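# Breakdown of the fold
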Amino acid sequence: GADTINDEITAHKTGATHVADKLTGNRPDTIFEIGGQDSKFISIKDDIVVDFTMNEACAAGTGSFLEEQAEKLGIQIKGEFAQLALSSKNPIRLGERCTVFMEKDLNPYLQRGAKVEDLVAGLAYSIATNYLNRVVRGRYIGNCIFFQGGTAYNDSVAAAFATILDKEIIVPPHNGVIGAIGAALLAKEKMEAGLGNEQSYEERISTFRGYDLEKVDYRIRSFVCPGCSNHCDIQEVRIGDERTYWGDKCSERYRKQAKTDKKPIIPDLFAFREELLFGKYDAKDRKLDPNKKTIGIPRAMYTYDRLPFWGTFLSELGFNVVLSEPTNKKITNYGIDSVVAEPCFPIKLAHGHVRDLLEKGVDYIFVPNVINAETEFMNVNSHLCPWGQTLTFVVKHSPMMEGIEHKLLQPTIHFRDGRDTVVKELQDFGKTLGLDRSKVEKAVDLAYKAQSKFQKALLEEGQKALKILSDEDELGIVIVGRAYNIYDMGVNLAIPRKLRDYYGVNVIPMDFLPIEGIEIVDVNSNMYWNYGRKILQSSKIVGKYPNLHIIYITNFKCGPDSYIKQFVTKASNGKPFLSLQFDGHSNDAGFLTRCEAYLDSKGFLRWWKRQQQQIAV
Ligand code: SF4
Ligand code: SF4
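Conventions we followed
Residues numbered from 1 in each chain as written. Chains lettered and ligands numbered in written order. Predicted model: local features only at pLDDT ≥ 70, side-chain atom pairs only at ≥ 80, totals over all residues. Heavy atoms only, no water. Near = heavy atom within 4 Å. Nonpolar A, V, L, I, M, F, W, Y, C, P; charged D, E, K, R; others polar. Domains from an automatic or database assignment. Core = buried A, V, L, I, M, F, W, Y, C linked by side-chain atoms within 4.5 Å. Buried < 20%, exposed > 50% of the residue type's maximum accessible area, 1.4 Å probe, protein only. Helix = DSSP H or I, 4+ residues; strand = E, 2+ residues; numbered from the N terminus. Contact = heavy atoms within 4.5 Å. Expected span 1.5 Å × (residues − 1). Pairing = 2+ DSSP bridges. Salt bridge = Lys/Arg side-chain N within 4 Å of Asp/Glu carboxyl O. Axes fitted to C-alpha atoms, helices over the stretch in contact; angles between N-to-C directions. Parallel < 35°, antiparallel > 145°, perpendicular 65-115°, else oblique. Left-handed = near helix turned anticlockwise from the far one by under 90°. Phe/Tyr/Trp six-rings, centres within 6.5 Å; stacked < 30°, edge-to-face > 60°. Lys NZ or Arg CZ within 6 Å of the ring centre and 35° of its normal.

### Topic: the site of ligand 2
Ligand 2 sits among Met301, Cys344, Pro346, Ile347, Cys385, Trp387, Arg482, Tyr484, Asn555, Lys557, Cys558 and Pro560. Residues belonging to the shell around ligand 2 are distributed by class as follows: nine nonpolar, one polar and two charged. A domain-level breakdown of the shell around ligand 2 finds at least three residues from each of domain 3 (271-454) and domain 4 (456-616).

Right, dumping it as structure tokens:
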């Protein structure tokens, strides 16, 4: 029943931009949106949505809360509330705790003789502070701030924002329906572009059902989804044979895939890499030699980069090599239960993978202590993160390894120092297993060959993909980040795959790009993180191709990434990028909304608009 399907972020941004163009010509770079039930924050750079967030699943701190409090105080929310609040000389500090608790404080204040105007002014401040601390949470706030949504009718909340931030707050006209204005504009744009049906513009008939809603025969049903332990309360709206669902925390079960008229024009590089990396280990007919000892490698962390090397090395030494299962709920829970500290999610997961291998009954588990990586730029370090380096020691002290510490194989390796150093380090390690030095040396050389063959294959596919996109003048997204974040679908909720499947995006992971020889000193002269250098080198390639854009996949608590991210825009020649931070939670809806808004800004979803612009040029 709609002429177009768009995410609400794009709708809000489109509406706000339209109003700004009509009003002042000064488009917003920041949108605060506080509605009756939820609130959102949108950050815009060069007309592109670069960040977006919304409040958690509670309505505290939104318009409905203010309305309830006004009712309790016996004042009108329309007009009177703001009038009283703005007349206050001493707003009461109600703090920035959850507004539900704050509510309990109101009566004692009144009993102690607090003035109503000071109390309502305090409430307005609380809404603003809560929003800034619980929704914006330190994100960048620009200088052209639009405050929209129903709560923006309340001038005292706008004034509270202006005072706290010491910035001008613009409440645009029609602030309560800006998102609806945006949605209408998007529908109009799509109709004008001639998509959706064959008739001329005058003949085109809108499929929007909302004009005659009272005549539509619909049925509503509520039920609890038994799909997983979230037990979501689902609302089903049925019109004829068509069903629409609301209330799901995941987008797998009930939501229709986002509509896209586009199909990717490059092959699925994720599937290609997965087969190349894991194919032989995951083969159904794979048989292990019962006369050999078995070494397990956790399918986590640097395994996503270095498996060709380690798999070959250990096989050549005469071991069966097995991997832990792909990340699943059980492994995730194992990881969370097994950690002894509070590291980032990938490190927790690695613990879960070790436990999975223990359950498989392997003889040894291989978790090397890799200090650094190869680099062409020997004047700058190429460290791996301390958490990654020391994982093997942390795992050793986790309760699951008690009494079986000897099962952990933990050679220390400096890949940066070259083949001879690596041979020596691994010969020393081999000695502990009674292995012959020359056998180890031969295994190392074969391991290097396997690794290089793997990387070459990726680069070849990447070159082909770049050529297709250039020849066809098509858009592509380069996914940057650490291999264990980009490729472990259990970490990133399969967002890279969904970009391709749901939105028809041409997705290129960063290790398919020819980064060799690319200098980054102009962006950062001392990028001592190995991944940091690669991420910035990849971003530089993106900067050279007008049709490429970046999504950065990372996770909370990643110190190195929070530093590296600051340089990505500069490296990519000023291109705003989308950053997705994963933390082990299973709801992908927020991530998909962010992706939709970003993809829309970059012309992936309303691709007809890009074509029109190209024709106009
Ligand atoms: S998260 Fe998805 S599968 Fe789980 S209960 Fe909710 S809707 Fe069902
Ligand atoms: S680089 Fe970040 S994600 Fe990787 S181990 Fe270190 S903190 Fe964790």
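### Some details on the nonpolar core
Ranked by size, the top nonpolar core spans 111 residues in total, and within it Trp310, Phe313, Leu426, Leu499 and Ile508 carry the most contacts. Among the elements that make up this core, the one with the highest residue count is helix α14 (residues 437-472) (nine residues). In this structure phenylalanine 313 touches Leu426, Phe429, Val440, Ala443, Val444 and Ala447, once residues within four positions along its chain are discounted. The next biggest cluster of nonpolar side chains, apart from the first, holds 33 residues, and it includes Ile75, Ala85, Phe147 and Ala158.

### Some words on helix α1 (residues 8-23)
Under the 1.5 Å per step criterion, the end-to-end length of α1 is 22 Å for 16 residues, consistent within 8% with the ideal 22 Å. Regarding α1, the residues found buried are Ile9, Thr10, Ala11, His12, Lys13, Thr14, Gly15, Ala16, Thr17, Val19 and Ala20.

### With respect to the pairing of strand β17 (residues 548-555)
Among the eight residues of β17, eight are classified as buried, and the element is accordingly described as predominantly covered. Along β17, one buried face is formed by Leu548, Ile550, Tyr552 and Thr554 and the opposite face, lined by His549, Ile551, Ile553 and Asn555, is buried too. Pairing analysis gives six bridges linking strand β15 (residues 476-481) to β17, with the strands arranged parallel. When the bridges of β17 are listed, glycine 476 appears paired with leucine 548.

### With respect to the pattern of salt bridges
This structure, assessed with the given rule, holds 27 salt bridges. Note that lysine 40 and glutamate 8 form a salt bridge whose closest N and O atoms lie 3.2 Å from each other. In this pair, lysine 40 is assigned in strand β2 (residues 39-45) and glutamate 8 in helix α1, connecting sequence segments 32 residues apart. Given the relative accessible area of 38%, glutamate 8 is considered partly exposed. Among the salt bridges present, the one from glutamate 33 reaches lysine 40, with a minimum N-O distance of 3.0 Å. A residue is classified by how much of its surface remains accessible, and glutamate 33, at 7% relative accessible area, is buried.

### Considerations on unusual backbone geometry
Its identity is not glycine, yet methionine 301 carries a phi of approximately 45°, on the positive side. Within the secondary structure layout, methionine 301 lies in the loop between β9 (294-297) and α9 (303-316).

### A short note on the packing of helix α8 (residues 269-282) against α14
Between α8 and α14, the shortest axis-to-axis distance is 11 Å and the interhelical angle comes to 165°. With respect to each other, α8 and α14 are oriented roughly antiparallel. When you trace α8 past α14, the crossing you get is right-handed. Taken together, the residues of α14 that come into contact with α8 (itself represented by Leu269, Phe272, Arg273, Leu276 and Leu277) are Phe454, Ala457, Leu458, Glu461 and Ala465. Its residues assigned to classes, the contact of α8 with α14 shows eight nonpolar, no polar and two charged.

### Focus on the sheet that holds strand β8 (residues 242-246)
Pairing between the strands of a sheet comes from backbone hydrogen bonds, and it takes one of two forms, parallel or antiparallel. If you walk across this open sheet you meet the three strands as β6-β7-β8, and the pairing is antiparallel. Only two strands of the sheet have a single neighbouring strand rather than two, namely β6 (218-224) and β8. Mean inter-strand twist for the sheet, computed between neighbouring axes without regard to direction, equals 25°. Sheet topology note: the strand β7 (residues 233-239)/β8 ladder contains five bridges and is antiparallel. Counterpart to valine 237 in the pairing with β8 is threonine 244.

### Quick word on the packing of aromatic side chains
Under the counting rule described, the total for this entry stands at 24 aromatic pairs. Ring plane angle 80° and centroid distance 5.2 Å describe the contact between phenylalanine 147 and phenylalanine 161, whose orientation is recorded as edge-to-face. Of this pair, phenylalanine 147 sits in strand β4 (residues 145-148) while phenylalanine 161 sits in helix α6 (residues 155-165), placing them 14 residues apart in sequence. For the pair shown, phenylalanine 147 and phenylalanine 161 are each scored as buried. Taking 5.3 Å as the distance between ring centres and 55° as the angle between the ring planes, the aromatic pair formed by tyrosine 528 and tryptophan 529 counts as tilted. Judged by relative accessible area, which is 14%, tryptophan 529 ranks as buried. A network of ring pairs unites the aromatic residues Phe309, Trp310, Phe313, Phe366, Phe415, Phe429 and Tyr448 as a single cluster. It is arginine 112 that lies over the ring of tyrosine 109; its NZ or CZ is 5.1 Å from the centre. Above the plane of the ring of tyrosine 334 lies arginine 355, whose end atom (NZ or CZ) is 3.8 Å from the centre.

### Focus on the packing of helix α16 (residues 495-503) against helix α20 (residues 589-601)
Running from N to C, α16 and α20 cross one another at 55°; their axes reach a closest spacing of 11 Å. Considering the angle they form, α16 stands oblique to α20. α16 and α20 meet at a crossing whose hand is right-handed. The segment α16 lies against α20, with Ile495, Lys498, Leu499, Tyr502 and Tyr503 engaging Phe591, Leu592, Cys595, Glu596 and Leu599.

### Points about the sheet that holds β17
Spatially, four strands are ordered β16-β15-β17-β18 in an open sheet, and the strand pairing comes out parallel. Looking at strand neighbours, the two that pair on one side only are β16 (507-509) and β18 (578-582), the edges of this open sheet. Strand-to-strand, the axes of this sheet are offset by a mean angle of 25°, without reference to chain direction. The sheet contact formed by β15 and β16 spans three bridges and is parallel. Within the sheet, the bridge partner assigned to isoleucine 479 lies in β16 and is proline 509. Packed onto the sheet, α14 meets β15, β16 and β17 and runs at close to 145° relative to β16.

Spatial relationships are all this shows, so hold off on functional conclusions.
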